[in-house]
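Chain and residue survey
Okay, here's what each chain looks like letter by letter:
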Amino acid sequence: MSVALAAQKQTNESVNSAVVAALAPICADKFQHAADAKATLVTLKATDSWKQDTFVEKGGWATFPGAAEPNRNVAEACAKILSDQK
C-alpha cells in the first residue's frame, strides 16, 4: 500500500470516529425523547447485544437529516450508550 493510500485510510478512519463520537450522543438523546422511551429502552436492553444496533437503526434514531439511511456505526455506539444506562 502506498503512503498516500495509507494516509487516506487513516484520515477516513479518523473522520468516521469523529462523526460517531459527535452523533452517537444525539442518537441517544433522540431515543430518550421518543414516545414510550422507558418501555423502548427495556426492549432494547432485552434484545441480544449483537442485534441492538439494528434495533436502533429500525427505530430511526441513527438516521440524520440529509441521510437516506441510518449510520450503522452511530447506531452501534448509540445502542452501547443506551444499554449501559442504569
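To start, this report covers the structure provided alongside it. It should be emphasised that the depicted structure is a prediction, and the values quoted were computed from it without experimental measurement.

Side note on the environment of Lys30
Inspection of the secondary structure assignment puts Lys30 in helix H1 (residues 3-32). Along the sequence, Lys30 and Leu82 sit 52 residues apart, while their C-alpha atoms lie 11 Å from each other. Aside from chain neighbours lying at most four places away, what touches Lys30 is Gly60, Trp61, Thr63 and Phe64. At 3.4 Å, the side chain of Lys30 and the backbone oxygen of Trp61 are in polar contact.

Looking at the packing of H1 against helix H4 (residues 72-83)
Contact pair H1 / H4: the axes reach a minimum separation of 8 Å and the direction vectors enclose 55°. Comparing their axes, H4 and H1 come out oblique. The two elements H1 and H4 meet at a crossing, and its hand is right-handed. Where H1 approaches H4, its residues Asn16, Val19, Val20, Leu23, Ala24, Pro25, Cys27, Ala28, Phe31 and Gln32 are matched on the opposing element by Asn73, Val74, Ala77, Cys78, Ile81 and Leu82. Looking at the contact of H1 with H4 residue by residue, the classes come out as 13 nonpolar, 3 polar and no charged.

Reading guide: rules and limits
- Residues numbered from 1 in each chain as written.
- Predicted model: local features only at pLDDT ≥ 70, side-chain atom pairs only at ≥ 80, totals over all residues.
- Heavy atoms only, no water.
- Helix = DSSP H or I, 4+ residues; strand = E, 2+ residues; numbered from the N terminus.
- Contact = heavy atoms within 4.5 Å.
- Polar contact = N/O pair within 3.5 Å; in protein donor to acceptor, adjacent residues only side chain to side chain.
- Axes fitted to C-alpha atoms, helices over the stretch in contact; angles between N-to-C directions.
- Parallel < 35°, antiparallel > 145°, perpendicular 65-115°, else oblique.
- Left-handed = near helix turned anticlockwise from the far one by under 90°.
- Nonpolar A, V, L, I, M, F, W, Y, C, P; charged D, E, K, R; others polar.

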